[in-house]
Amino acid sequence: MIEAGSLIRSLSGRPAARNFHTFVINEIGHGIATGKFPVGSILASDAVMMETYGVSRTVLREALKTLEAKGMVEARPKVGTRVSPSSRWNFFDPQVLFWHYDAAPNKRFYDSLFDVRQDTERRAVMLACVRRTAEQVRLMKYWVHQMDVAGEAMEAHALASLEVHQVIADSSGNPLLRSAIGVVELTLALAAKRRSADADLAYQAASCAAHQSLVTAVEGSDTAAAVEQMQFIIEAERARAVAGFA
């Protein structure tokens, strides 16, 4: 399991694994998501992978079991470990989403991410307008301020934005909406990935202003305004993420 924010924090480089088990999971999972190990292909034998990753059979088997639980591989007797069709992958698993950051750009997949984010965050902010506490509003305002003081640091801006959206999800009181935060983080990372000095400053200024208006609307229980601002934020990030597609 990875913590929210881990993907955005790694924008300057892939993070080091905490242990051998995590290392193997990340190497194979990342390879599957990015196409190094294509769907339908058979992974190398245990002996080869043990040598490749420098781990014991026990560590390798546990890593493969974890990937199987995520729907990414399936072990077959006398066949080996096969990469499963992507339709079986658990795309709400933060790690599975994390690995897709480095995959080849795919507009249909990006649109799918933003469609899910739009549906979940619209509902989350509607509930937040009714259920938020004073402390949660204070936290939202704090993270909007952090967005404002981030300056040209895109990573810091994106992390603060993610925190705002996490507090809104928490404020909804719906744990299932909170569990979709991985989708929010990946879309934020994809938007941050598109770098252009002039465009970045304009995007960050507009995003900060929109988040300020969003928090004001949530604090004032103005559901219509909150939904409108959330929609604006999501569409602005979608536009950045899909920039360059025909």
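Cut-offs applied
- Residues numbered from 1 in each chain as written.
- Predicted model: local features only at pLDDT ≥ 70, side-chain atom pairs only at ≥ 80, totals over all residues.
- Heavy atoms only, no water.
- Helix = DSSP H or I, 4+ residues; strand = E, 2+ residues; numbered from the N terminus.
- Buried < 20%, exposed > 50% of the residue type's maximum accessible area, 1.4 Å probe, protein only.
- Contact = heavy atoms within 4.5 Å.
- Areas by Shrake-Rupley, 256 points an atom, 1.4 Å probe, with all protein chains shown as cover.
- Lys, Arg positive; Asp, Glu negative; His and termini not counted.
- Charge placed at Lys NZ, Arg CZ, Asp CG, Glu CD.
- Core = buried A, V, L, I, M, F, W, Y, C linked by side-chain atoms within 4.5 Å.
- Pairing = 2+ DSSP bridges.
- Phe/Tyr/Trp six-rings, centres within 6.5 Å; stacked < 30°, edge-to-face > 60°.
- Lys NZ or Arg CZ within 6 Å of the ring centre and 35° of its normal.
- pLDDT = per-residue confidence, 0-100.

Novice: Describe the overall build of the chain, and please don't skip the residues or the numbers.
Specialist: Helix and strand counts for the chain come out as twelve helices and two strands. Its helices and strands in sequence order give the chain the pattern α-α-α-α-β-β-α-α-α-α-α-α-α-α, from N to C terminus. Along the first, second and third principal axes, the C-alpha set of the chain runs to 60 × 40 × 35 Å. Here the chain, with 246 residues, has 46% of them falling under the buried criterion. Residue pairs at least 24 apart in sequence account for 73% of intrachain contacts in the chain once pairs closer than 6 positions are excluded. Total accessible area computed for the chain in this model is approximately 12000 Å², and 55% of it derives from carbon and sulfur atoms. Charge separation in the chain, taken as the distance between the mean sites of 27 positive and 27 negative side-chain charges, equals 7 Å.

Novice: Talk me through the nonpolar core; I want residue IDs and the actual numbers.
Specialist: Core analysis: the biggest nonpolar cluster contains 65 residues, and Ile28 and Ile168 have the highest contact counts within it. For this core, the element with the highest residue contribution is helix H6 (residues 107-131), accounting for nine residues. Dropping the residues within four chain positions of it, Ile28 is found in contact with Phe37, Leu43, Met49, Tyr53, Leu60, Leu64 and Leu67.

Novice: So, the pairing of strand E2 (residues 80-83): which residues are in play, and what are the values?
Specialist: One ladder, built from four bridges, connects strand E1 (residues 73-76) with E2; its direction is antiparallel. The partner of Val73 across the bridge, within E2, is Val83. Between E1 and E2, which pair antiparallel in sequence order, lie three residues; one of them, Lys78, sits at a positive phi of approximately 65°.

Novice: Now, about the environment of Arg122: what can you tell me, with residues and values included?
Specialist: Of note, Arg122 is situated in helix H6. Arg122 sits 69 residues away from Tyr53 along the chain, and the two C-alpha atoms are 43 Å apart. Setting aside its immediate chain neighbours within four residues, Arg122 contacts Arg117, Val227 and Gln231.

Novice: Tell me about the packing of aromatic side chains, and name the residues and values.
Specialist: Applying the stated criterion to the full structure yields four aromatic pairs. Relative to Phe109, the ring of Phe91 lies with its centre 5.7 Å away and its plane at 50°, an arrangement referred to as tilted. Taken together, the residues Phe91 in the loop between E2 and helix H5 (94-100) and Phe109 in helix H6 connect sequence positions 18 residues apart. Classification of Phe91 as partly exposed rests on a relative accessible area of 27%. Here the aromatic rings of Tyr142 and Trp143 are separated by 4.9 Å at their centres, their planes lie at 80°, and the arrangement is edge-to-face. Using a relative accessible area of 22% as the deciding quantity, one classes Trp143 as partly exposed. Among the aromatic residues, those joined into a cluster by ring pairs are Trp89, Phe91 and Phe109. Across the ring face of Tyr101, the terminal group of Lys193 is positioned such that the distance to the ring centre comes to 4.4 Å. The ring of Tyr203 is capped by Arg240, whose NZ or CZ atom sits 4.3 Å from the centre of that ring.

Novice: Describe the confidence of the model for the chain, naming the residues involved and giving the relevant values.
Specialist: Looking at the chain, the pLDDT average stands at 93 and 96% of residues meet or exceed 70. Per-element confidence in the chain ranges from a low mean pLDDT of 86 for helix H1 (residues 6-9) to a high of 98 for helix H7 (residues 134-149).

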